[in-house]
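One-letter residues, chain by chain:
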Amino acid sequence: MEIRPQAVVIPKETDQLEQGKYGPVFPRTPACYGFTIIAKVKPGRAEAIRDYGHTLAKALEGDPYLLAPLKLHYLRWVLFDDDTRFMYQAIFDTDFDKYTEDAIALFSKAGVSTAFENLEGFPEDWKTNPEAFVLFVREHHCPSFIEYGEYPYFTADEIKKALRIKSALSEMLDQLQ
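Residues numbered from 1 in each chain as written. Predicted model: local features only at pLDDT ≥ 70, side-chain atom pairs only at ≥ 80, totals over all residues. Heavy atoms only, no water.

How should I be thinking about the environment of Arg85 in this particular structure?
The topology assignment puts Arg85 in strand S6 (residues 85–92). Separated by 46 residues in sequence, Arg85 and Ala39 place their C-alpha atoms 5.6 Å apart. Separated by 2.9 Å, the side chains of Arg85 and Asp81 make a polar contact. (Helix = DSSP H or I, 4+ residues; strand = E, 2+ residues; numbered from the N terminus. Polar contact = N/O pair within 3.5 Å; in protein donor to acceptor, adjacent residues only side chain to side chain.)

Listed below in structure tokens is the structure:
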């Protein structure tokens, strides 16, 4: 099986894209789905965002599968411009609509907040008003115009399965020696 890296250019205009429940559905790319949000941090709230990062990391130590419903590959948070702006990047296996709905459900069920609460314009009623949450994300989304995948279109579950098979094969070969 040959795995050929691929890149896809994403159109600037979204008129021709399929429309989902909350707006255009960006195409699945070799990196799967994802988005980048850039927003202003509420004055004095950068440390709260950093603290929330520590809280999330600790929660994942207690439950490594806490974020599993989001089908994430990667998640990256960046504070920049002297901690006045925040960038959230996520690559995941579901489309935008499902990801945002799953995120709201996950955080509501777990009874936790989101780092987004520290961003200007983020709706206070986000847990009960998914449309406002989605509107904020859409308004702050900075779409990529090209995405590349070294192992294109593979889901996180497929990658984990391949690694489990590799591990089992290595263990079996070790036992044969």
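Having seen the model, we can carry on.
Even after reading the chapter, I still don't get the sheet that holds strand S4 (residues 33–40), so can you show me in this structure?
To summarise the sheet geometry, strands pair through backbone hydrogen bonds and adopt either a parallel or an antiparallel arrangement. Taken in spatial order, the three strands make up an open sheet running S4-S6-S5, and their pairing is antiparallel. Lying at the two open borders of the sheet, with one neighbouring strand each, are S4 and strand S5 (72–80). Within the sheet, the average angular offset between the axes of one strand and its neighbour, ignoring direction, is 10°. As paired strands, S4 and S6 are joined by eight bridges and run antiparallel to one another. Along S6, the bridge assignment pairs Lys40 with Arg85. (Pairing = 2+ DSSP bridges. Axes fitted to C-alpha atoms, helices over the stretch in contact; angles between N-to-C directions.)

What is the right way to look at the nonpolar core in this model?
Nonpolar side chains tend to gather and get buried jointly when the protein is soluble and globular. Among the nonpolar cores identified, the biggest contains 32 residues, and Phe35, Phe86, Tyr88, Phe116, Leu119, Phe133 and Val137 are the most heavily contacted of them. Contributing elements (two or more residues each) for this core: S4, helix H1 (46–62), S6, helix H2 (96–110) and helix H3 (130–140). It is H2 that contributes the most residues to this core, six residues altogether. Residues contacting Phe35, with those up to four places away along its chain left out, are Tyr88, Gln89, Ala90, Phe92, Phe96, Tyr99, Val137 and His141. (Core = buried A, V, L, I, M, F, W, Y, C linked by side-chain atoms within 4.5 Å. Buried < 20%, exposed > 50% of the residue type's maximum accessible area, 1.4 Å probe, protein only. Contact = heavy atoms within 4.5 Å.)

Honestly, the environment of Pro69 in this entry has me stumped. Any pointers?
Within the fold, Pro69 resides in the loop between H1 and S5. Along the primary structure Pro69 and Lys98 are separated by 29 residues, whereas in three dimensions their C-alpha atoms are 10.0 Å apart. Once you skip the residues sitting within four places of it in the chain, Pro69 turns out to touch Asp102 and Leu106.

How should the pattern of salt bridges be read in this particular structure?
Opposite charge on two side chains allows them to pair when their charged atoms are near. Summed over all chains, the structure comprises eight salt bridges. Put simply, Glu47 and Arg50 hold a salt bridge, and the shortest N to O gap is 3.5 Å. A residue pair is termed a helical-turn pair when its members lie 3 or 4 positions apart in one helix, as Glu47 and Arg50 do in helix H1 at three residues. Linking Lys160 and Asp157 is a salt bridge whose minimum nitrogen-to-oxygen distance equals 3.7 Å. In this pair, Lys160 and Asp157 both sit in helix H4 (residues 156–176), three residues apart, roughly one turn of the helix. (Salt bridge = Lys/Arg side-chain N within 4 Å of Asp/Glu carboxyl O.)

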